[in-house]
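The chain contents come next:
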Amino acid sequence: MSSVRKLAGQTAIYGLSSIIGRALAYLLIPIYTRVFIPSEYGIVNEMYAYVSLLIVVLTYGFETGFFRFSESEKDKDKVYSTSLISLLVTSSLFVLFAIIFAKPVADILRYPDNREYVIWFALIIALDAVSAIPFAKLRALNKAGRFATIKIINIVSNILLTFFLLYFARTCSNIPYLQSL
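Fair warning: this is a prediction, and the values are worked out from it, not measured in the lab. (Residues numbered from 1 in each chain as written. Predicted model: local features only at pLDDT ≥ 70, side-chain atom pairs only at ≥ 80, totals over all residues. Heavy atoms only, no water.)

**A short note on the packing of helix 4 (residues 62–72) against helix 5 (residues 76–100)**
Each pair of packed helices can be described by the angle between their axes along with the distance between the axes. It is the contact of helix 4 with helix 5, at a shortest axis distance of 9 Å, that shows an interaxial angle of 165°. What the angle tells us is that helix 4 and helix 5 run roughly antiparallel. For the crossing formed where helix 4 meets helix 5, the hand is right-handed. Residues Phe62, Phe66, Phe69, Ser70 and Glu71 of helix 4 form the contact with helix 5, whose participating residues are Lys76, Val79, Tyr80, Thr82, Ser83, Ser86 and Leu87. Each residue belonging to the contact of helix 4 with helix 5 can be placed in one class, and the counts come to six nonpolar, four polar and two charged. (Axes fitted to C-alpha atoms, helices over the stretch in contact; angles between N-to-C directions. Helix = DSSP H or I, 4+ residues; strand = E, 2+ residues; numbered from the N terminus. Parallel < 35°, antiparallel > 145°, perpendicular 65-115°, else oblique. Left-handed = near helix turned anticlockwise from the far one by under 90°. Contact = heavy atoms within 4.5 Å. Nonpolar A, V, L, I, M, F, W, Y, C, P; charged D, E, K, R; others polar.)

See below:
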């Protein structure tokens, strides 16, 4: 019975960190709609729709595969390093191709003057894909508290960076990319 309680507790912790992240992201919507005009906010939403699809493709099921093989393999470090290296290589290639083909992709997406959108989102997707395996390792090691702590730190960091970019850097910067936000 204690294993069921432990599983329920860990599930609650993993789920709670995800729920907090989504709730805080939802609370940012009024800020986005105040800062961005509707057409700009539409671009953000469209790009995040692509992120949702591409993150699944770029991780190619390795998180689930990692769980499976980390339980059955004796050399768990080898499973971890193989998974992480594979995602690092494919994510790096993805970013490289995004940089090389940013202009044609931006043209296809109907943002010909903003190839930086393609590059920024490629970096976001690559970082998310690579972070999937370390988070999966924390879950495999039953480190629910550490998992949730890192997730929440990540969420808070993203929110603070959002405020910084939208309110401080945008108004105080001579960097054209930040002014175009």
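**Details of the packing of aromatic side chains**
Counted by the stated rule, this structure contains nine aromatic pairs. Among the aromatic residues, ring-to-ring pairing joins Tyr32, Phe36 and Tyr41 into one connected group. The side chain of Lys137 reaches across the aromatic face of Tyr80, ending 4.2 Å from its centre. (Phe/Tyr/Trp six-rings, centres within 6.5 Å; stacked < 30°, edge-to-face > 60°. Lys NZ or Arg CZ within 6 Å of the ring centre and 35° of its normal.)

**Quick look at the pattern of salt bridges**
Using the criterion set out here, one finds one salt bridge in the structure. Notably, a salt bridge pairs Asp107 with Lys103, separated by 3.2 Å at the nearest N-O pair. Remark: Lys103 and Asp107 occur in helix 6 (residues 102–108); sequence separation between them is four residues, near one turn of the helix. On the basis of relative accessible area, Asp107 is assigned to the partly exposed category, the value being 37%. Here Lys103 falls in the partly exposed class, since its relative accessible area comes to 38%. (Salt bridge = Lys/Arg side-chain N within 4 Å of Asp/Glu carboxyl O. Buried < 20%, exposed > 50% of the residue type's maximum accessible area, 1.4 Å probe, protein only.)

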